[in-house]
Amino acid sequence: MEGGSGYNSIPPSTSFDKSRVLDVKPLRSLKPVFPSTSEAPPFVCAPPNGPFPPGFTPFYPFSAPQVSQTSPNLNHGNPPPVPMPMGPIPAPLRAFRSSQSPGIPGIFNGNTTQPTETFREVDENADGLRMNEDGYVDGQKRAAPHLRGSSSSQKKTRKNKVTKSSLSGIAAKRPRDFVEDISPVERSNGNRELVYEVLLRFDALRRRLSQMEEAKEQSVGIIKRADLKAGNILMSRGVRTNMTRRIGAVPGVEIGDIFFFRIELCVVGLHAQSMGGIDYMIIKDNLDEEPLAMSIVSSGGYDDDAEDGDVLIYSGQGGNFGKKDKQASDQKLERGNLALERSVRRANDIRVIRGIKDAVNPSSKVYIYDGLYRIQESWSENKSGCNIFKYKFVRMPGQPGAFAVWKSIQKWKEGLSSRVGLILPDLTSGAESLPVSLVNDVDEEKGPAHFSYFPTLRYLKSFNLTQHSIGCDCHNACQPGDLNCGCIRKNGGDFPYTNNGILVGRKPLIHECSPACSCFPNCKNRVSQHGLKVHLEVFRTTDRGWGLRSWDPIRAGTFICEYAGEVVDEVKGRRGGEEGENDEYLFDTNRVYNTFKWNCEPELLEEESSGDANEDYKIPFPLVISAKTIGNVARFMNHSCSPNVFWQPVLYEQSNQSFLHIAFFAMGHIPPMKELTYDYGISRSDEVDGDIELNRKKKCLCGSSNCRGYFG
DNA sequence: GCGATATCACACTA
DNA sequence: CTAGTGTGATATCG
């Protein structure tokens, strides 16, 4: 199959073609190279900061096998020659290993010393985690250690839901239901699923609050900061994790994870200070007590030097530095600065979160968890007569690239260095507003099989699926909360998107404005009509043919692309006649899709459950799209049973007819270079047959712990 | 028109 | 309970 007919052939051009692409077969369904899903591709052994080996993906899919995710792995000796501070070194600290470095020599400087009180506690936590990982062995039985805020979290929302024990078999296999309780143990110590879920719930609530605020709904009062409000609600309801403060990695948070609000770092326990840049804890060592730094956020407020991907010169806090209305003063060796100073001597791991401007949304920031660092040295500087502390943070070796990946992308964008394995800078040949690069740094394939790039849907005339509808008569732009707007009324009174174009919630159908409306084309209710917003890349995967990923960070609810192609006859398309291979590029609303919860839980807003909670796909009519001969980037998106992208039906008008489109949105925040995937669903006719026709199915290689084993 | 700058309300932990 | 820590959205300036 590989290297099939289309290989290296240049198809005849047609007047319609915007571009031609070379190709092999769609390999989304090829048989596995790694038959067992537990055999992760070898990208975990990449050098810390690149250059990455072919196909290296620095980020695990969220529920991919994470053998050592929560194991402290303290018994792997052979510390590499890491840079160590000079002078006497007090008792080395033990901590969680970096979560993504299985098989990499330990990064600890020893494991023979007696753990201190605090570290014994850490170890116990680690044991608990290991149990959890084996399938919620005793999630409920263990007493909750020192839980703050547990009382306030017991109220409401957790009505008699399924107990954890009744789910024990399934829980590890299936994403949990939103409303399900988070146990005290899980609140203390997280895991990957939980961290992801807490973040999803945070953003769902945040989007809903933004929507209500933008519509000026009186019910919630004025919320200037939906992020803080959402964070506050979740914290007080106990929808949070990793409350146990710890040195080292945080279970469930992976290097490369991205965040869009400081408060998100709090709810997953990565950095507990909602504003402060230095988080620390008091360590009791025999009779001594000393503060040690756990994590820092470098966001550009001070003149930190973040030029090098592996070294960070971090400024101490305080001194009223950079504040207009206050007199600058000396920084004092107290609080965070003191903790950093102690951490120099102790040489403990410190989590580093780097905040940078979001290129896609310049008014906001992105926070990247860049893994564990240690402070190599510290000194004082004098800035306009005032003392400032400086700390040289050096990244621990053996960790997957995170911030370094961003730096590489930045260079590609500036043209300073070309993307390794670049085949085409823009496979759309200008058909999209942004270029889509085609890259293969894995093998010899020169590109996907020929198709014509077409950025949207093409309805054939023979389908009379559409009807004229009346647009709104708003002037300028439709205003959230304006119930005179016909389009908002069609959406049930809610504006489907936030002011910055983020989808608030899934619904059976979204009605966007169109040329039939009198609002301007830049009206915010046209999110899915304006093409790509992030720089995408079609790339060669190691075992699943071509795939799609993004150079830009994508926040939850962001429109990614629509499924473009030809709308085909439902019955014919589904069975594909003799050419079963047509199935490869089919999108079919008739398939059975895993249900999942994405919208805000009304309980968190103390609202009665309403129609908004409905996340069923109820489509006005079935839609089958073939992207075999014409299509856009969506045709390269692979299947996953734990996807990070979902589809949403959107209706808007063109040429006096309403057309149904399939729009893809980000489920959670997606870091750059992480593969984009959605659930392909299962063909309904096969399901009805009872016996699944496995030969028609494709063996799934998504590698997720929720994997169904097949799809299609 | 766009970046810089000002203003404002605020949530976490020690 | 208070102090210490900037943040993120928006308005205004040059």
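Cut-offs applied
Residue numbers run consecutively from 1 along every chain, following the written order of its sequence. Just so you know, chain letters begin at A and ligand numbers begin at 1, following the order they were written in. Whole-chain, interface and lining totals are the exception, using all residues; otherwise, since this is a predicted model, local features are given only for residues with pLDDT of at least 70 and side-chain atom pairs are given and counted only at 80 or more. Side-chain calculation: all heavy atoms of the structure are included, whereas hydrogens and water are not. Residue proximity to a molecule or strand is established when one non-hydrogen atom of the residue lies within 4 Å of it. Whenever a nitrogen or oxygen atom comes within 3.5 Å of another N or O atom, the pair is scored as a polar contact, on the condition that within protein one atom can donate a hydrogen and the other can accept it, and that pairs from neighbouring residues in sequence are kept only if both atoms are in side chains. What counts as a helix is a DSSP run of H or I of at least four residues, what counts as a strand is a run of E of at least two, and both are numbered from the N terminus. Here the nonpolar group is Ala, Val, Leu, Ile, Met, Phe, Trp, Tyr, Cys and Pro; Asp, Glu, Lys and Arg are the charged ones; every other residue, Gly included, is treated as polar. By convention in this document, the label disulfide applies to cysteine sulfur atom pairs within 2.5 Å. Strand pairing is defined by DSSP finding a minimum of two bridges between the two strands. All axes here are fitted lines through C-alpha atoms, helices being fitted over the stretch that makes contact, and every angle between N-to-C directions spans 0 to 180 degrees. Multiply 1.5 Å by the residue count of a helix minus one, and that product is the helix's expected span. Working definition: with a 1.4 Å probe on protein chains only, accessible area under 20% of the residue-type maximum means buried, over 50% means exposed, and in between means partly exposed. To be clear, the arc concerns the directions from the helix axis to the C-beta atoms. Any angle that is under 35 degrees is reported as roughly parallel, and any over 145 degrees as roughly antiparallel; angles of 65 to 115 degrees are reported as roughly perpendicular and all others as oblique. Handedness of a helix crossing follows the sense of rotation of the near helix relative to the far helix, less than a right angle counterclockwise being left-handed and clockwise being right-handed. It only takes one pair of heavy atoms within 4.5 Å for two residues to be counted as in contact. When a carboxyl oxygen of Asp or Glu lies within 4 Å of a side-chain nitrogen of Lys or Arg, that pair is called a salt bridge. Residues enter a nonpolar core if they are buried and are Ala, Val, Leu, Ile, Met, Phe, Trp, Tyr or Cys, with the set joined through side-chain atoms within 4.5 Å.

Peer 1: Hey, could you go over the protein's contact with DNA strand B for me, with residue numbers and the actual values?
Peer 2: Not every one of the 12 residues close to DNA strand B is listed here, only the nearest: Asn232, Met235, Arg245, Ser274 and Met275. A share of 72% is what sugar and phosphate atoms reach among the atoms of DNA strand B within 4 Å of the protein. A distance of 3.4 Å separates a sugar or linking oxygen of DNA strand B from a polar backbone atom of Ala272. Taking Ser274, its side chain carries an N or O atom lying 2.8 Å from a base nitrogen of DNA strand B. At 3 residues, helix α6 (residues 226–237) tops the list of elements feeding residues into the surface near DNA strand B. Residue classes in the surface near DNA strand B are distributed as 5 nonpolar, 3 polar and 4 charged.

Peer 1: Would you mind going over the state of the cysteines in detail, with residue names and values included?
Peer 2: On inspection of all chains with the given rule, the structure shows 0 disulfides. Distance from the sulfur of Cys478, which forms no disulfide, to the nearest cysteine sulfur (Cys472) is 3.5 Å.

Peer 1: Lay out the sheet that holds strand β11 (residues 457–459) in plain terms, naming residues and giving numbers.
Peer 2: Overall, mixed pairing links the 4 strands, which are arranged β11-β16-β18-β17 in an open sheet. In this open sheet, the two strands that pair with only one neighbour each are β11 and β17 (586–588). When strand polarity is set aside, the average angle formed by the axes of neighbouring strands in this sheet is 25°. Of the pairings in the sheet, the one linking β11 to strand β16 (residues 565–567) comprises 3 bridges and is parallel in character. Paired with Tyr459 across the strands is Val567, a residue of β16.

Peer 1: I'd like a rundown of α6, residues and numbers included.
Peer 2: The end-to-end C-alpha separation of α6 is 16 Å, in line with the 16 Å expected for 12 residues at 1.5 Å each. For α6, the complete set of buried residues consists of Ala226, Asp227, Ala230, Gly231, Ile233, Leu234 and Arg237. Within α6, the buried residues cover an arc of 165° as seen down the axis, which keeps them to one side. Positive backbone phi, approximately 80°, marks Gly238, located one or two places after α6.

Peer 1: A description of the environment of Arg237 should follow, citing residues and the corresponding values.
Peer 2: Tracing the chain through its elements places Arg237 in helix α6. Among the residues examined, Arg237 registers a relative accessible area of 4% and is labelled buried. C-alpha separation for the pair Arg237 and Ile182, spaced 55 residues apart in sequence, amounts to 9.8 Å. There is a polar contact of 3.4 Å between the side chain of Arg237 and the backbone oxygen of Glu603.

Peer 1: Account for the packing of helix α5 (residues 192–214) against α6, naming residues and giving values.
Peer 2: Closest axis-to-axis distance for the α5/α6 pair is 8 Å, and the angle between their directions is 130°. As far as their axial angle goes, α6 and α5 are oblique. You can see that α5 and α6 cross each other, and the crossing is right-handed. Of the residues in α6, those touching α5 at Val198, Arg201, Phe202, Leu205, Arg206, Leu209 and Ser210 are Ala226, Asp227, Lys229, Ala230, Gly231, Ile233 and Leu234. Its residues assigned to classes, the contact of α5 with α6 shows 8 nonpolar, 2 polar and 4 charged.

Peer 1: I'd like a rundown of the protein's contact with DNA strand C, residues and numbers included.
Peer 2: DNA strand C sits among 13 residues. The nearest are Arg225, Arg262, Met275, Tyr302 and Tyr367. Among the atoms of DNA strand C close to the protein, meaning within 4 Å, 61% are from sugar or phosphate groups. Taking Arg225, its side chain carries an N or O atom lying 2.5 Å from a base oxygen of DNA strand C. Take Ser299: an N or O atom from its side chain is 2.9 Å from a phosphate oxygen of DNA strand C. Of the residues contributing to the surface near DNA strand C, the split by class is 4 nonpolar, 4 polar and 5 charged.

Peer 1: Explain the sheet that holds strand β14 (residues 546–550) to me, and be specific about the residues and the numbers.
Peer 2: Taken in spatial order, the 6 strands of this open sheet run β8-β9-β13-β14-β23-β20, and their pairing is mixed. Pairing within the sheet leaves two strands with one partner each, and these edge strands are β8 (422–424) and β20 (638–639).

Peer 1: Which residues make up the pattern of salt bridges, and what values do they have?
Peer 2: Here the structure, examined in full by the defined rule, presents 28 salt bridges. Arg354 is the salt-bridge partner of Asp370, the closest N and O atoms lying 3.2 Å from each other. Of this pair, Asp370 sits in strand β6 (residues 365–383) while Arg354 is found in strand β5 (residues 350–357), placing the two residues 16 residues apart along the sequence. Given a relative accessible area of 1%, Asp370 falls into the buried group. Classification of Arg354 as buried rests on a relative accessible area of 2%. Linking Lys413 and Asp552 is a salt bridge whose minimum nitrogen-to-oxygen distance equals 2.3 Å. You can see Lys413 sitting in helix α9 (residues 403–414) and its partner Asp552 sitting in the loop between β14 and β15 (559–562), a full 139 residues away along the chain. Overall, Lys413 belongs to the partly exposed group, its relative accessible area being 42%. Residues joined in a network through salt bridges with shared partners are Asp285, Glu290, Arg342 and Arg346.

Peer 1: Quick one: what's the story with the environment of Val360, residue by residue and with numbers?
Peer 2: By the secondary structure assignment, Val360 is in the loop between β5 and β6. Residue Val360 is classed as partly exposed on the basis of its relative accessible area, which comes to 38%. Considered as a pair, Val360 and His535 are 175 residues apart in the sequence and their alpha carbons are 9.5 Å apart. Residues within four places of Val360 in sequence aside, it is in contact with Lys533, Val534, Asp552 and Pro553.

Peer 1: An account of the nonpolar core is requested, with residue identities and associated values reported.
Peer 2: Leu536, Tyr563, Phe587, Phe664, Leu676 and Tyr678 are the most contacted members of the largest nonpolar core, which has 48 residues in total. The set of elements that each furnish at least two residues to this core consists of β11, β13 (536–540), β14, β15, β21 (645–654), β22 (657–666) and β23 (675–678). Ranked by the residues each element gives to this core, the list is headed by β22, at 5 residues. Formed by 43 residues, the second largest nonpolar core is a distinct cluster that contains Phe202, Tyr369, Phe403 and Leu604.

Peer 1: Help me get a handle on the pairing of strand β3 (residues 288–298), residues and values and all.
Peer 2: Here β3 lies mainly inside the structure; 9 of its 11 residues are buried. As paired strands, strand β2 (residues 278–285) and β3 are joined by 8 bridges and run antiparallel to one another. The residue of β3 that forms the bridge with Met281 is Leu292. Of the pairings in the sheet, the one linking β3 to β5 comprises 4 bridges and is parallel in character. The residue bridging Ser298 from the neighbouring strand is Arg354, located in β5.

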